[in-house]
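Secondary and tertiary structure notes
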Amino acid sequence: MRPVLSPLASGQVLCGLGPMNTLAHVVVACAALSRPQAPRRNLAVVAGALIPDASMFVFFAWSRIQGWSGDETWNVRYWMEPWQSLGAVSNSFIVFSGILALSLWRKWPLVALVAIAALLHIAVDFPLHADDAHRHFWPVSDWRFNSPISYWDPAQNGRMGGLIETITVLVASIILWRRFHNFRPRLMLALLFALQLAAFVALLSWVR
Ligand SMILES: [Zn+2]
């Protein structure tokens, strides 16, 4: 989910786009790990794909309750505690590698799937976050990789980042379409891809 925005107009566009990036993670994780007729497994995969962004949704809801402006929300409060620590924990390769190791040792297959899906989310985020990068190696290091390609910020090659994300979702959607033959999953897929495409078009037309 995108944490940085300044002017209100672009803020409105971005608030609409933010959850889209999270859904892209769900589609990618499902393409990698889901199986037909395995609802518990697939639920674990979806949960793992959502966990890294969960604190952002809570933060955003809290900001609405508090009535903070877009500027205060993203340029001030976002950088304060507890949000920075929550973001670091839920986006840490170290944390989820630890959970994966533990679940393999204890033979908890569903927990292992949650951890793998979360690791996949973090791995996809890693090359596509510029000045909004997370501390992916917390608690070992506070280092942030500020990629030259943002998945949204036009000032940091965001159009290319959005294109990479959209192509990735397209490929993942094709894989899932071929794997799931029922009407409902296919309808959901078509809907998700249409949303991704709409978000990408909005990103292209958004001039900062
Ligand atoms: Zn994320």
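Residues numbered from 1 in each chain as written. Predicted model: local features only at pLDDT ≥ 70, side-chain atom pairs only at ≥ 80, totals over all residues.

1. Digging into unusual backbone geometry
A cis amide bond links Glu81 to the next residue, Pro82, at an omega of 5°. Of the consecutive residues Trp138 and Pro139, the connecting peptide bond is found in the cis state with omega at 0°. Note on placement: Pro139 falls in the loop between α6 (109-125) and α7 (158-179). Of note, Gln37 is a non-glycine position whose phi angle comes to about 60°, a positive value. The residue Gln37 is located in the loop between α1 (8-33) and α2 (39-66) in this model. (Helix = DSSP H or I, 4+ residues; strand = E, 2+ residues; numbered from the N terminus.)

2. Here we look at the nonpolar core
Judged by nonpolar contacts, the single largest core of 34 residues is most densely connected at Val27, Val28, Ala29, Ala115 and Ala117. Tallying contributions element by element places α6 first for this core, with 11 residues. Leave out the neighbours within four places in its chain, and Ala29 touches Val45, Gly48, Ala49, Ala117, Leu120 and His121. (Core = buried A, V, L, I, M, F, W, Y, C linked by C-beta atoms within 7 Å. Buried ≥ 20, exposed ≤ 12 C-beta atoms within 10 Å, placed from the backbone. Contact = placed C-beta atoms within 7 Å.)

No statement about biological role is implied by the geometric values presented.
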